Amino acid sequence: MATRGWQRGHTYWALGAALVFALGILFGLVMNNVWLGVVLAAAISVGWLIAYESRRGRNEGVYDRDDDGAQL
């Protein structure tokens, strides 16, 4: 059964995503294009969240020789 409730890791996950998003918007303001900042922030935030969850789940650097992706 999965654990329920708000865990400590979720706090860092949410704070990191908010910080990356805010920095992207700030970058957009500096470049005089807020929409560019929002799009960049969203893309980087999603990438950061995937990397964070992979690291948290101890899945970073895992190599499965039977799962090449290029082979069908």
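None of the values given here were measured: they were computed from a predicted structure. (Residues numbered from 1 in each chain as written. Predicted model: local features only at pLDDT ≥ 70, side-chain atom pairs only at ≥ 80, totals over all residues. Heavy atoms only, no water.)

**What to know about the overall build of the protein chain**
Our working rule: Elements are defined by DSSP. Helices are runs of H or I of four residues or more, strands are runs of E of two residues or more, and each kind is numbered from the N terminus. A simple rule labels every residue: compare its accessible area, found with a 1.4 Å probe on the protein chains alone, to the largest value its type can have, and call it buried under 20%, exposed over 50%, or partly exposed in between.
Within the protein chain one finds two helices and zero strands. Among the 72 residues that make up the protein chain, the fraction classed as buried is 14%.

**Points about the UniProt feature "transmembrane region" (unreviewed entry) in the protein chain**
How we decide: UniProt positions are given in the numbering used here, feature names are shortened, and annotations may be inferred rather than shown by experiment.
Feature annotation in UniProt places "transmembrane region" (unreviewed entry) on residues 12-29 and 35-52, given in this structure's numbering. Across residues 12-29, the secondary structure splits into 100% helix and 0% strand, with the terminal C-alpha atoms separated by 25 Å. A helix fraction of 100% and a strand fraction of 0% characterise residues 35-52, whose end C-alpha atoms lie 25 Å from each other.

**Here we look at unusual backbone geometry**
Positive phi, normally seen in glycine, also occurs at N32, with a value near 60 degrees. One can find N32 in the loop between α1 (8-30) and α2 (34-56). Classification of N32 by relative accessible area gives exposed; the value is 72%.

**Describing the environment of L40**
As for its position among the elements, L40 is in helix α2. Distance in space between the C-alpha atoms of L40 and F27 is 9.0 Å, their sequence separation being 13 residues.

**As for a nonpolar patch on the surface**
Stated formally: Put simply, a patch holds well-exposed residues, over 30% relative accessible area, that have no salt bridge, with like charges counted together within 9 Å and Val, Leu, Ile, Met, Phe, Trp or Tyr side chains within 5 Å. Here, Shrake-Rupley sampling with a 1.4 Å probe gives the accessible areas, and only protein chains in the shown set may cover a residue. Take a side-chain nitrogen of Lys or Arg and a carboxyl oxygen of Asp or Glu: if they are within 4 Å of each other, that pair is a salt bridge.
Where nonpolar side chains cluster on the molecular surface, the patch consists of L19, L23, L26, F27, L29, V30, M31, V34, L36, L40 and I44 and spans about 1000 Å² of accessible area. Residue assignment for the nonpolar patch shows that the elements contributing at least two residues are α1 and α2. Of all the elements, α1 adds the most residues to the nonpolar patch, at six residues. With respect to the helices, strands and loops of the structure, V34 is situated in helix α2. The exposure class of V34 is partly exposed, given its relative accessible area of 37%.

**Digging into the side chain of S45**
Formally: In the analysis that follows, any N or O atom pair within 3.5 Å is treated as a polar contact, provided that within protein one partner can donate a hydrogen and the other can accept it, and provided that, for residues neighboring in sequence, both atoms belong to side chains. Residue contacts are counted whenever heavy atoms from the two residues lie within 4.5 Å of one another.
Here S45 shows up in helix α2. A relative accessible area of 8% means that S45 is categorised as buried. Within the structure, the side chain of S45 is placed 2.7 Å from the backbone oxygen of A41, a separation counted as a polar contact. Excluding its chain neighbours within four sequence positions, the residues that come into contact with S45 are A17, V20 and F21.

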